Amino acid sequence: MVAEKVEKEAAGQLLDAMYLDLFHLIEEHTQCKVNLERANASGAILLARTRFQAGGSNSVSKAQIPTENSAEFNALCRVIKAKDENEINIERHAVDKANGYVEPLHWFSVLPPMSLRHAVTKFRDCIELVAESTNLQRQLTDVLCWISKLRQSVLQQ
């Protein structure tokens, strides 16, 4: 009788700790999404500023954007699974034309405006925030699964 009471109390304390972790993860995830929205909006505004400064619709032509007939190139950034297989990471490569890693920013001009460079930085930040948000979402799912299992075990006792 006493052992069951001690076990239930320990399970209750563990549930409390898990719920506290859950709330912290929810707060982090929400903050990450807010940061993602801000970075994305800032990048979009910077792109609009670049287009306005360049004179409207004549700043980019379809001939500058790669098509099926363009030379092959590799992405400078890739999403990869981490070693523990439950997280994702962003793998970045340096610009290296010999290996096919080209800077897309230079498709539009050799000296792009600063607002376009800042927009690129904002969108790179967005990629990092998406990976962080995904990892937080996976952690939330794991915590919810453990809470559910623990509650089922407490109810069965």
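Residues numbered from 1 in each chain as written. Predicted model: local features only at pLDDT ≥ 70, side-chain atom pairs only at ≥ 80, totals over all residues. Heavy atoms only, no water.

An unreviewed UniProt entry annotates the protein chain as Vacuolar ATPase assembly protein VMA22 of Drosophila persimilis.

Overview of the overall build of the protein chain
Put simply, the test is: Only runs of H or I of at least four residues qualify as helices and only runs of E of at least two qualify as strands under DSSP, and these elements are numbered from the N terminus. The globule rule used for comparison is 2.2 Å times the number of residues to the exponent 0.38, while the radius of gyration itself is calculated over C-alpha atoms. Throughout this description, buried means an accessible area under 20% of the type-specific maximum (1.4 Å probe, protein chains only), exposed means over 50%, and partly exposed covers the range between. Two residues qualify as a contact provided that any one of their heavy atoms is within 4.5 Å of a heavy atom in the partner residue. To be clear on the numbers: accessible area is Shrake-Rupley with a 1.4 Å probe, and residue cover counts the displayed protein chains and nothing else. The charge count includes Lys and Arg as positive and Asp and Glu as negative, but it does not include His or the ends of the chains. For this purpose, a charge sits on NZ of Lys, CZ of Arg, CG of Asp or CD of Glu.
Of regular secondary structure, the protein chain possesses 2 helices and 2 strands. Radius of gyration (C-alpha) of the protein chain: 24 Å, far over the 15 Å computed for a compact globule of 157 residues. Across the 157 residues of the protein chain, 21% fall into the buried class. Here the analysis covers contacts within the protein chain between residues at least 6 apart in sequence; of these, 71% occur between residues at least 24 apart. A total of about 11,500 Å² of accessible surface is found on the protein chain, and carbon and sulfur atoms cover 57% of it. Of the charged side chains in the protein chain, 18 are positive and 20 negative; the average position of the first set lies 8 Å away from that of the second.

Notes on the nonpolar core
Just so we agree on the cut-off: The set of buried Ala, Val, Leu, Ile, Met, Phe, Trp, Tyr and Cys residues whose side-chain atoms join them within 4.5 Å is what this entry labels a nonpolar core.
In this structure, Leu 22, Leu 25, Val 143, Ile 147 and Leu 150 are the most contacted members of the largest nonpolar core, which totals 14 residues. For this core, the secondary-structure elements that each account for two or more residues are helix H1 (2-54) and helix H2 (114-156). If sequence neighbours within four positions are ignored, Leu 25 has contacts with Leu 136, Gln 139, Leu 140 and Val 143.

Overview of the pairing of strand S2 (residues 88-92)
Quick reminder of the rule: Each pair of strands is called paired provided DSSP finds at least two bridges between the two strands.
Looking at chain direction, strand S1 (residues 77-81) and S2 are connected through 5 bridges and run antiparallel. Across the sheet, residue Val 79 finds its bridge partner in S2, namely Ile 90. Where S1 folds back on S2, the antiparallel hairpin that results is connected by 6 residues, among which Glu 85 adopts a positive phi of roughly 65°.

Focus on the side chain of Ser 115
Defined as follows: Here a polar contact means two N or O atoms within 3.5 Å. Within protein one must be a hydrogen donor candidate and the other an acceptor candidate, and residues neighboring in sequence count only if both atoms are side-chain atoms.
Within the fold, Ser 115 resides in helix H2. Note on Ser 115: relative accessible area 8%, which makes it buried. At 2.6 Å, the side chain of Ser 115 and the side chain of Thr 50 are in polar contact. Once residues within four sequence positions are removed from consideration, Ser 115 is found in contact with Leu 46, Arg 49, Thr 50 and Gln 53.

Observations concerning the packing of H1 against H2
Which entries qualify depends on this criterion: In this analysis an axis means a line fitted to C-alpha atoms, helices contributing only their contacting stretch, and an angle means the value between N-to-C directions, from 0 to 180 degrees. Working definition: roughly parallel below 35 degrees, roughly antiparallel above 145 degrees, roughly perpendicular at 65 to 115 degrees, and oblique for all remaining angles. Working rule for handedness: look at the near helix, and if it is turned counterclockwise from the far one by less than a right angle, call the crossing left-handed; if clockwise, right-handed.
Relative to each other, H1 and H2 sit at 160°, their axes nearing to 8 Å. Between H1 and H2, the crossing angle belongs to the class labelled roughly antiparallel. As for how H1 packs across H2, the hand of that crossing is left-handed.

Regarding the state of the cysteines
Rule in force here: Throughout, disulfides are identified as pairs of cysteine sulfur atoms within 2.5 Å of each other.
Using the criterion set out here, one finds 0 disulfides in the structure. Cys 32 takes part in no disulfide bond, and the closest cysteine sulfur to it belongs to Cys 126, at a distance of 10 Å.

Side note on the side chain of Glu 103
By the element assignment, Glu 103 lies in the loop between S2 and H2. Glu 103 sits in the buried class, given a relative accessible area of 15%. Among the polar contacts listed, one links the side chain of Glu 103 to the side chain of Arg 124, at a separation of 3.4 Å. The residues contacting Glu 103, other than those within four sequence positions of it, are Leu 76, Val 95 and Arg 124.

What to know about the pattern of salt bridges
Spelled out, the test is: Salt bridge, as used here: a side-chain nitrogen of Lys or Arg that lies within 4 Å of a carboxyl oxygen of Asp or Glu.
Overall, the coordinates contain 3 salt bridges when judged by the stated rule. The salt bridge partner of Glu 128 is Arg 92, with a shortest N-O separation of 3.4 Å. Residue Glu 128 is located in helix H2, and its partner Arg 92 is located in strand S2; the two are separated by 36 residues in the primary sequence. Take Glu 128: its relative accessible area is 37%, and that puts it in the partly exposed class. You can call Arg 92 partly exposed: its relative accessible area is 37%.

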